[in-house]
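Structural overview
So the chains spell out like this:
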Amino acid sequence: MTERIDHTLRGRWTPEAGHLPPHALKWLRQRIGLTGATTAARPPAVPASALDDDARAALNDVVGPGFVRVDRDSRLGRAGGLSYVDLLRHRGEGALAVPDAVVLPGTPEQVVDVLRACAEHDVAVVPFGGGTSVVGGVEALRGDKAAVVALDLGRLDRLVDVDPVSRLAVLQAGVTAPRADRLLAAHGLTTGHVPQSYERATIGGFAATRSAGQASSGYGRFEDLVQGVRLATPAGEWRLGGAPASAAGPDLKQLVVGSEGVLGVITEVALRVRPRPAVERYEGFAVDGWERGQRVVRALAQDGVLADVTRLSDVDETGVTLALAGGWKTTALKAYLRARGVGRPCLLVLGWHGRDRAEVARKRRDTLRGHRLVSLGTPLGEAWRHGRFNGPRQRDALMDVGACVETLETAAHWAALDELRDAVRGALLDALGDCVVMCHISHAYETGASLYFTAIAARDAADPVGQWQVAKAAASEAIAGLGTISHHHAVGADHAPYLEAEVGALGLDVLAAAKGVLDPTGVLNPGKLIAGGPARPGVASTGDR
Ligand SMILES: Cc1cc2nc3c(=O)[nH]c(=O)nc-3n(C[C@H](O)[C@H](O)[C@H](O)COP(=O)(O)OP(=O)(O)OC[C@H]3O[C@@H](n4cnc5c(N)ncnc54)[C@H](O)[C@@H]3O)c2cc1C
């Protein structure tokens, strides 16, 4: 499942239709009243491009003919991200913000010149990597500008440098995750960064959103990998990160990491890389009840023996996984769990990477020592690994049969985690009514963990966009004050109204001040990250949607 998918494909994850087996459909019918009835997708409306001739000529001068595109397919192909609501909009529900043009720079220097031309011609710029944002990060909002272009970084797709002695690699921002792996594999190296959006997302996007991959316990979050950045801004180029550690003031590169295209466009990223693991072992375990499972993961994190991949599903997520899998093996598994006294099974997947079997065996021993877990063996762990990129394909299939299906995530300290989980679950259940809400931990730390929720309900045919927006707002309200508004999906347009509650008015002022220096006319990504607070110098107001 690691083919390169056309990153301009919107409206679904892959071109081929998804498939749900009959027993899964039957279960969904009984559980949430899914009728299976679907409405035919309607092509979204595409307004005429508002990019004027002077602006277009100036951009053409920078990137060359053929690399400023105003045709319908190019513009639709960079209209919005890949959240459930984005997919609905591409299927004709609600209003879709379409960029006026797509600009494809070929070098980091051209990116600086594109930004200068846009500032001069009053054109907003939405940096566009893989376009997999699920928080409105690539929505084509123009703010108070005359036009908006999507700045597609796909041509910046080179491995610039490898330093195997220092274990460093410099990659251009538009390199997709599979391509990064291929380029680095030639040197025996890897980033180890494997988010579920792996097949489509890019190095620049990971850095711009502080992404977290499935093996974050072993390799770190993306910001832990970033050693240096090259940033194009309307005010010029900014390079950061020349030493493995530094006390030369605050770490300004961490101001750029997570800046979501609001402060500048990341054109190159220097990353810490590791030798590719020769051996990987994935194993499934069952734990009786969420409380016990959570205690196990906390102990592993606090003892410093987390597996490289550590993922704990709650009772509901485990139940749905088993119900959708169906078949005699699942029946046998359920009977086995009952016999072992596991009445409320929570699936725990652990994965270890190492240079040889001995290292993996040692790491496995360290993780499991002192914990009495019910082993479900490597086939279950391997099944998880094999299906690790299936989530978005399943989402396509569920949407095709009329489901409202979406995910959201947060994080909190261990002491507050249960309260947060209960609050978010409660908010989603209240808002969606007859639905399934599942939760898992897939990123754990000494002091806390992330919570990742998936909700499935029958789609409200009359107002499908509104149905999810109401539920999402309720969940976001529930999160405020208890956890972070995002552990790894970022802020984008969707979470911007909640940022002030998290970083304070002064925090927004600090971000606005940095933006005022780097992007004085506010062309970069209007309506994202810092759009929620009051109007600030240099910051465009929330864009039209
Ligand atoms: C099915 C699915 C599964 C996902 N799973 C995960 C997961 O496991 N972990 C995770 O962390 N995230 C996940 N995501 C969210 C998303 O994939 C990440 O946010 C990813 O980092 C975005 O990368 P991208 O290249 O697609 O960026 P885009 O979506 O193109 O952009 C994301 C944001 O960064 C900005 N941006 C992009 N490139 C640059 C650049 N070069 N310079 C400056 N700004 C830039 C954009 O303007 C936008 O605001 C998932 C998304 C989907 C749809």
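Treat the numbers as computed from the prediction; the structure is a model and nothing was measured.

To continue, consider the domain arrangement of the protein chain. Domain parsing of the protein chain yields domain 1 (44-80 + 94-152), domain 2 (159-242 + 250-275) and domain 3 (279-388). Using C-alpha coordinates to define each centre, domain 1 is positioned 23 Å away from domain 2. In this complex, domain 1 contributes 13 residues to the contact, which on the side of domain 2 involves 22 residues. Of all the elements in the fold, those that place two or more residues in the side of domain 1 that touches domain 2 are α5 (108-121) and β3 (123-128). Residue contributions to the side of domain 1 that touches domain 2 peak at 6 residues, all from α5. Of the residues contributing to the side of domain 1 that touches domain 2, the split by class is 8 nonpolar, 4 polar and 1 charged.

When strand β8 (residues 226-233) meets strand β9 (residues 236-240), the two strands line up antiparallel, connected through 5 bridges. By the bridge assignment for β9, A232 is matched with E237. Where β8 folds back onto β9 in an antiparallel hairpin, the turn is made up of 2 residues.

When the UniProt feature table is mapped onto this chain, "domain: FAD-binding PCMH-type" (unreviewed entry) is found at residues 95-276. A distance of 45 Å separates the end C-alpha atoms of residues 95-276, which is 23% helix and 27% strand.

Here strand β14 (residues 345-354) lies mainly inside the structure; 9 of its 10 residues are buried. With 10 bridges connecting them, strand β12 (residues 279-288) and β14 associate as antiparallel partners. Residue E283 lies in a different strand from β14, and its bridge partner there is L350. Examined bridge by bridge, strand β13 (residues 309-313) and β14 share 4 bridges and lie antiparallel to one another. Note that in β14 the partner of V309 across the bridge is G351.

Attention now moves to the sheet that holds strand β2 (residues 101-103). What the 4 strands build is an open sheet, ordered β1-β2-β4-β3; its pairing is mixed. Two strands lie at the open edges of the sheet, namely β1 (68-69) and β3, each paired on one side alone. Here β1 runs beside β2; their pairing, made up of 2 bridges, is antiparallel. By the bridge assignment for β2, V68 is matched with V103.

Inspection of the region around the ligand gives 39 residues, with G129, G130, G137, G204 and G205 positioned closest. Broken down by secondary-structure element, the contributors of at least two residues to the shell around the ligand are β3, α7 (203-209), β10 (265-272) and α16 (391-400). In terms of residue class, the shell around the ligand is made up of 17 nonpolar, 20 polar and 2 charged. Taken domain by domain, the shell around the ligand gets at least three of its residues from each of domain 1 (44-80 + 94-152) and domain 2 (159-242 + 250-275).

This part covers unusual backbone geometry. Trans is the common state for peptide bonds, and a negative phi is the common state for residues other than glycine. Positive phi values are uncommon outside glycine, yet R167 reaches one of about 55 degrees. Its location among the elements puts R167 in the loop between β5 (159-163) and β6 (168-172). With a phi angle near 55 degrees, E260 is a residue other than glycine that sits in the positive phi range.

If you trace the 7 strands from one edge of the open sheet to the other, you get β15-β12-β14-β13-β17-β18-β16, paired in antiparallel fashion. The open sheet is flanked by β15 (374-376) and β16 (403-413), the only strands paired with a single partner. Each adjacent strand pair in this sheet contributes to an overall mean axis angle of 25 degrees, direction not counted. Where β13 and strand β17 (residues 435-441) come together, 2 bridges link them in antiparallel fashion. From the neighbouring strand, L312 faces β17, where its bridge partner is I441.

Looking at where Y198 falls in the secondary structure, it is placed in the loop between β7 (189-190) and α7. Along the primary structure Y198 and R4 are separated by 194 residues, whereas in three dimensions their C-alpha atoms are 9.5 Å apart. Other than its neighbours up to four places away in sequence, Y198 contacts A177, P178 and F389.

Of the positions making up helix α2 (residues 53-63), those classed as buried are A55, R56, L59, V62 and V63. For α2, the arc enclosing every buried residue in end-on projection is 120 degrees, short of the 170-degree limit, so these residues lie on one face. Within α2, the exposed residues directed more than 90 degrees away from the buried face are D53, D54, A57 and D61. On its buried face, α2 is in contact with β1, β2, α5, β3 and β4 (147-152). Phi turns positive one or two residues past the end of α2, at G64, with a value near 90 degrees.

Before going further, it helps to spend a moment on the packing of α2 against α5. Between α2 and α5, the least distance of the axes is 9 Å, while the angle of their chain directions is 170 degrees. In terms of orientation, α2 lies roughly antiparallel with respect to α5. Where α2 abuts α5, its residues D54, A55, A58, L59, V62 and V63 lie against Q110, D113, V114, A117 and H121. Of the residues assigned to the contact of α2 with α5, the class counts are 7 nonpolar, 2 polar and 2 charged.

Moving on, we come to the confidence of the model for the protein chain. Taken over all residues, the pLDDT of the protein chain has a mean of 94, while the share at 70 or more is 97%. A low-confidence stretch, residues 533-545 stays under pLDDT 50, and its non-local contacts, those more than four residues away or across chains, total 36 contacts. Predicted complex, confidence summary: ipTM 0.99, pTM 0.96.

Below, the discussion takes up helix α12 (residues 315-325). Listed in full, the buried residues belonging to α12 are E317, T318 and V320. The buried residues of α12 occupy an angular sector of 165 degrees when the element is viewed end-on, so they sit on one face. Against β13, β14 and β17 lie the buried residues of α12. Of the residues one or two after α12, G326 is the one with positive phi, at around 60 degrees.

Conventions and cut-offs
- Residues numbered from 1 in each chain as written.
- Predicted model: local features only at pLDDT ≥ 70, side-chain atom pairs only at ≥ 80, totals over all residues.
- Domains from an automatic or database assignment.
- Contact = placed C-beta atoms within 7 Å.
- Helix = DSSP H or I, 4+ residues; strand = E, 2+ residues; numbered from the N terminus.
- Nonpolar A, V, L, I, M, F, W, Y, C, P; charged D, E, K, R; others polar.
- Pairing = 2+ DSSP bridges.
- UniProt positions renumbered as here; feature names shortened; annotations may be inferred.
- Buried ≥ 20, exposed ≤ 12 C-beta atoms within 10 Å, placed from the backbone.
- Near = placed C-beta within 6 Å.
- Axes fitted to C-alpha atoms, helices over the stretch in contact; angles between N-to-C directions.
- Arc of directions from axis to C-beta.
- Parallel < 35°, antiparallel > 145°, perpendicular 65-115°, else oblique.
- pLDDT = per-residue confidence, 0-100.

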